[in-house]
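Structural features, examined
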Amino acid sequence: MLLTLTLFFLSAGAIYLACEYFVNGIEWFGRRVNLGATAVGSVLAAFGTALPESAVTFMAVVFGTTPAQKDIGVGAAMGGPLVLATLAYAVVGLALIFHRRRLGRETHQVHADYARMSRDQAAFLAVFVVKVALGLVAFAIKPWLGVLFLVAYALYVWREIRESDTAPEEEDIEPLKIRPSVAEPTLGWAGLQAGLALVVIGIASHVFVGQLEAIGTALHWSPHLVALLLSPVATELPETMNALIWVRQGKERLALANISGAMMIQATIPSALGIFFTPWLFDGPLLAAGIITALAIVFLWQLFRRGAVDGRALVIVSLFYVVFAVLVAFYFPH
């Protein structure tokens with residue numbers, strides 16, 4: 001257990017450090033290809049950091065040879081959105097509270113495009129409701145409906161790129177970490193830094209997931225519940241770390257765009273894989289995860305549509321994850 005805990009903390013530290021390099025590299029990459037900052041967060045950064053958890057789902061549902069292995073993939077596809085909709089947004093709120101004075105803010109108000117954020121929550125909720133509904137019924141053509149989720153993500157990316165913009169505070173980017181003396185690094189150097197950082201994130205995330213699974217085994221939890229409750233915390237750690245870094249820099253628009261973009265990926269790509277290669281039928285824990293995630297999204301949608309969000313209100317959304325954890329720990333059989 002000592003080795004497990006040591007690797008747990010070392011891998012978490014490696015993920016954070018690699019995310020520092022990834023965030024820096026992907027911002028420069030976006031500038032070099034003339035992409036607005038919001039699209040950098042919602043498309044480039046989200047797609048990059050979503051690769052580890054998408055790989056977990058892909059390997060489990062495509063190459064899994066037992067129902068238990070396929071359950072891990074379905075659990076990851078449902079657990080990811082739950083973690084993002086609750087813990088990731090709460091981290092943004094906590095980071096704003098903690099860094100308010102350093103950023104020179106007089107209030108805890110979140111600087112964001114509220115119309116875009118409320119629209120993103122509504123779009124995610126629409127896709128997510130269909131995703132959960134399909135988990136309640138069985139019919140012959142269900143696997144073909146996975147294509148609709150891929151189309152939905154393609155439309156989301158098209159809209160994000162078309163409507164992307166950059167706020168004044170997002171124009172200021174720290175020097176590229178691997179080329180600190182160069183004022184305007186090339187696309188190749190920016191891509192190299194982001195790519196190498198992504199490799200480290202992927203390896204460290206794999207180690208981190210392994211340690212969480214070992215902890216789950218020590219607690220005598222089933223692989224299904226580990227995949228639903230613990231593994232998503234690990235696989236969504238890069239998005240959470242990115243949010244923490246961007247908020248620290250006063251760029252919470254990028255942090256929020258990264259989270260909402262990752263949520264849309266989680267609602268579509270892993271879901272499509274699950275629908276293609278598994279029966280996609282939900283048991284109690286999966287249904288509970290779906291309902292609680294939907295409630296968290298409704299809560300966020302109501303916050304953002306008001307046009308002013310206090311960082312402390314974002315912290316409250318973490319309670320939805322606490323409710324789910326309590327249900328898993330005390331109500332559903334292990």
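This write-up is about the structure you can find in this document.

Calculation rules
- All residue numbers refer to position in the chain's written sequence, counted from 1.
- Predicted model: local features are reported for residues with pLDDT of at least 70 only, side-chain atom pairs are reported and counted for 80 or more only, and whole-chain, interface and lining totals are derived from all residues.
- Hydrogens and water are ignored here; the side-chain numbers use all heavy atoms of the structure.
- Side-chain atoms within 4.5 Å are what join buried Ala, Val, Leu, Ile, Met, Phe, Trp, Tyr and Cys residues into a set we call a nonpolar core.
- Buried, partly exposed and exposed residues are distinguished by accessible area as a fraction of the type maximum, computed with a 1.4 Å probe on protein chains only: under 20%, between the cut-offs, and over 50%, respectively.
- Helix and strand assignments come from DSSP, with helices taken as H or I runs of at least 4 residues and strands as E runs of at least 2, each series counted from the N terminus.
- We call two residues in contact when some of their heavy atoms are within 4.5 Å.
- Only the stretch in contact is used when a helix axis is fitted, and all axes are lines through C-alpha atoms; the angle between N-to-C directions ranges over 0 to 180 degrees.
- When describing relative orientation, an angle under 35 degrees is termed roughly parallel and one over 145 degrees roughly antiparallel, while 65 to 115 degrees is termed roughly perpendicular and anything else oblique.
- Crossing handedness is defined as follows: a turn of the near helix away from the far one that is anticlockwise and smaller than a right angle gives a left-handed crossing, while the clockwise case is right-handed.
- Salt bridge, as used here, is a side-chain nitrogen of Lys or Arg placed within 4 Å of a carboxyl oxygen of Asp or Glu.

Ranked by size, the top nonpolar core spans 92 residues in total, and within it Tyr89, Val92, Phe304, Leu314 and Phe324 carry the most contacts. Tallying contributions element by element places helix α3 (residues 67-99) first for this core, with 13 residues. Ignoring any residue separated from it by four or fewer positions in sequence, one finds Leu314 in contact with Tyr89, Ala90, Val92, Gly93, Val110, Leu300, Leu303, Phe304 and Val309.

A few words now on the packing of helix α8 (residues 237-248) against helix α9 (residues 252-277). One can describe the packing of α8 onto α9 by two numbers: an axis separation of 7 Å at closest approach and a directional angle of 165°. By the criterion of interaxial angle, the relationship of α8 to α9 is roughly antiparallel. In the crossing of α8 with α9, the sense of the turn from one axis to the other is left-handed. Touching Glu239, Asn242, Ala243, Trp246 and Val247 of α8 are Glu252, Leu254, Ala255, Asn258, Ile259 and Ala262, all from α9.

This part is about the pattern of salt bridges. A full pass over the atoms with the stated rule returns 12 salt bridges. Glu160 is the partner of Arg116 in a salt bridge, and the nearest nitrogen-oxygen pair spans 3.3 Å. With Arg116 in helix α4 (residues 114-134) and Glu160 in helix α5 (residues 146-162), this pair connects stretches of sequence that are 44 residues apart. Its salt-bridge partner being Glu163, residue Arg119 comes within 3.0 Å of it at the nearest N-O pair. With Arg119 in helix α4 and Glu163 in the loop between α5 and α6 (187-218), this pair connects stretches of sequence that are 44 residues apart.

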